[in-house]
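Chain by chain, the residues:
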Amino acid sequence: MIRSSACSSSNKTSSSASASGTASSAEASSNDNSQAEGFPYTFTDVAGREVTVDKKPETFIVGNYILNFMLVGGKESLDKVVGMPLDGWEETRFGEYTSMTKSFPEILEKTSIGGYHDDVLDSELILTEKPDVLLINLSQYTENETSIPTFEKAGINVVVLDYHKMKLENHTKSTEILGKLLGREEVAQEMIDDYTSAVEMVQSRIPDDRKNQNKVYIELGNKGIGEYGNSYTGCLWGAIADNVGGINIADDVLDPNEGYGPLDKEYVVSQNPDAIVIGGSIWTGSTSDNDQMRMGLTIDSSMSQERLNGFVSRPGWNNLKAVQDGEVYGVDHGSLRFMGDYVYTEAMAKIIYPDLFEDIDPQTEMENFYQKYLPELDHTGTYFIKLNK
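Further remarks concern the overall build of the chain. A tally of regular secondary structure across the chain gives 15 helices and 16 strands. A total of 389 residues make up the chain; the buried ones form 56% of that total. Residue pairs in contact within the chain that sit at least 24 positions apart in sequence constitute 69% of those at least 6 positions apart. In the form shown here, the chain has an accessible surface area of approximately 15900 Å², with 44% of it arising from carbon and sulfur atoms.

Another aspect to go through is the sheet that holds strand 16 (residues 384-386). Pairing is mixed in the open sheet, where five strands are placed in the order 10-8-12-14-16. Unpaired on one side and paired on the other, strand 10 (247-248) and strand 16 mark the two borders of the sheet.

Once that is clear, we can look at unusual backbone geometry. In most cases, non-glycine residues show a negative phi, while peptide bonds are predominantly trans. The step from Phe39 to Pro40 runs through a cis peptide bond, and the omega angle for that step is 0 degrees. Mapping Pro40 onto the fold places it in the loop between helix 1 (25-36) and strand 1 (41-44). One non-glycine residue with positive phi stands out, namely Asn272, at about 45 degrees. Along the chain, Asn272 turns up in the loop between helix 11 (265-271) and strand 12 (275-280).

Inspection of every chain in the model, using the stated rule, returns 18 aromatic pairs. Their ring planes at 90 degrees and their centres at 5.5 Å tell us that Phe338 and Phe369 sit as a pair that is edge-to-face. Remark: Phe369 occurs in helix 15 (residues 362-373) and Phe338 occurs in the loop between strand 14 (328-332) and helix 14 (342-352); sequence separation between them is 31 residues. Here Phe338 matches Phe369 in class, with each residue buried. Ring geometry for Tyr342 against Phe369: centres 6.1 Å apart, planes inclined by 75 degrees, an arrangement best described as edge-to-face. Taken together, the residues span a long stretch of sequence, with Tyr342 in helix 14 and Phe369 in helix 15 at a distance of 27 residues. The two residues Tyr342 and Phe369 agree in class, both being buried. Through a chain of ring-to-ring contacts, three or more aromatic side chains come together here, namely Tyr195, Phe338, Tyr342, Phe369, Tyr370, Tyr373 and Tyr383.

Conventions adopted
- Residues numbered from 1 in each chain as written.
- Predicted model: local features only at pLDDT ≥ 70, side-chain atom pairs only at ≥ 80, totals over all residues.
- Heavy atoms only, no water.
- Helix = DSSP H or I, 4+ residues; strand = E, 2+ residues; numbered from the N terminus.
- Buried < 20%, exposed > 50% of the residue type's maximum accessible area, 1.4 Å probe, protein only.
- Contact = heavy atoms within 4.5 Å.
- Areas by Shrake-Rupley, 256 points an atom, 1.4 Å probe, with all protein chains shown as cover.
- Pairing = 2+ DSSP bridges.
- Phe/Tyr/Trp six-rings, centres within 6.5 Å; stacked < 30°, edge-to-face > 60°.

Written out as C-alpha cells, the structure is:
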C-alpha cells in the first residue's frame, strides 16, 4: 500500500469506458437535457485516461478531496455524495473532521468506503452504492487498479484527480473537471483564476538575482520537539520552496524518488538556515497530550505560538541564524492539497523574501478563501504564524 503521506504517485494509464445502456423514451429525454448542459463530457483525467461521462452525474463517491469537492460544488453538493472514506478521519485529521462534521453533520451519514488515509477502497460497498462517478486520487488509482474495470463494467465512471503533487496543471485540471461534473464551471474557473493569479503575482515580484540565495529548513512537526519529523524534496513544502526560488536544504540529502524523510540534527545545524518552517496539524485526535506542532482548523494562535516556541528550544538551535533573526514560522500542513494552498506559495515567498511581500497576510488570505467559496464551513483556525520574539 502506498502511504498517504507519500509525495509520489503512479503515472500508469488506462482507458475508461463510460456507462451505457438501453435508452427508454424517458432516458432519451434525460439525455437531451444532459446534452444541453454539455454532456456527454469527454476529457483526460490526471492519470492520462480518456473518460466519457454520458450525462450529468447525480451521485458521487468521493474517495479523496471532499473539501475540494464542496468548495467547487457548494454546500448543496454534499447531497450528491453517497459515500466517502470515514474510518479514521477523526483520529488522523482531527481539525478538519471537527470543522466539517460540525458544519455539515449529515456527512457522518454517508457510507464509509474505507479509511481516510488508506488507499485501498471497499470495492463491494462501492458496487453496492453504484454512484454515477467515483472520484479517486493517483495513489488510490494505483492500489485499486484491478478493481477499476469492474467498476466501469457496472456503469461507474472512474475519474482520477490530483492535488497532492502540488503541480499547478494538476490543481487546475482537477478543479476544471469537478466544475464540469458538478455544473459549477464558473465557480471552478474563478477558483482557478484566483490560484493562477496568486502564483503569477509571486513570480513577478521576485527578481532573478534574488533567487537561490536564502536557505530554508522545513519540517513536519508531528514528531514533537524530541524527534525530527519529515522534510520534503520536490513535493509538498519542498515543491513550494523550489517554486519561489528558495534553497531547500533537504534537496541535497533526500531521495527525490521518495520525496520525504527526516534530516539529521547535525546536518540541520551545519546548514544554518536563514528561515525555519514547522508544519503543524492535529494528528492524534487531541490537542494537549504531546508537544506536536499545532496548526489549522480549530486551533487558536496562542497554542500555535506556544508549540512553535518549543521547537526553537532544541539543542543547538539558539545559535541558528533563523532563530537569532526571528525567522521561524508555523504553517498548516492540512491546508496543502486543495485549491486554497496558493496561500502557501505566497507565505513561502513572504518567508524567504520578507521585504518583497510585506503586504501579504497569509492568515487573512486563507480566511477569505474559505469565506468566499464555502462560507457555511466554520473555518476558525490558525494557518500561518511568525514566532513572537
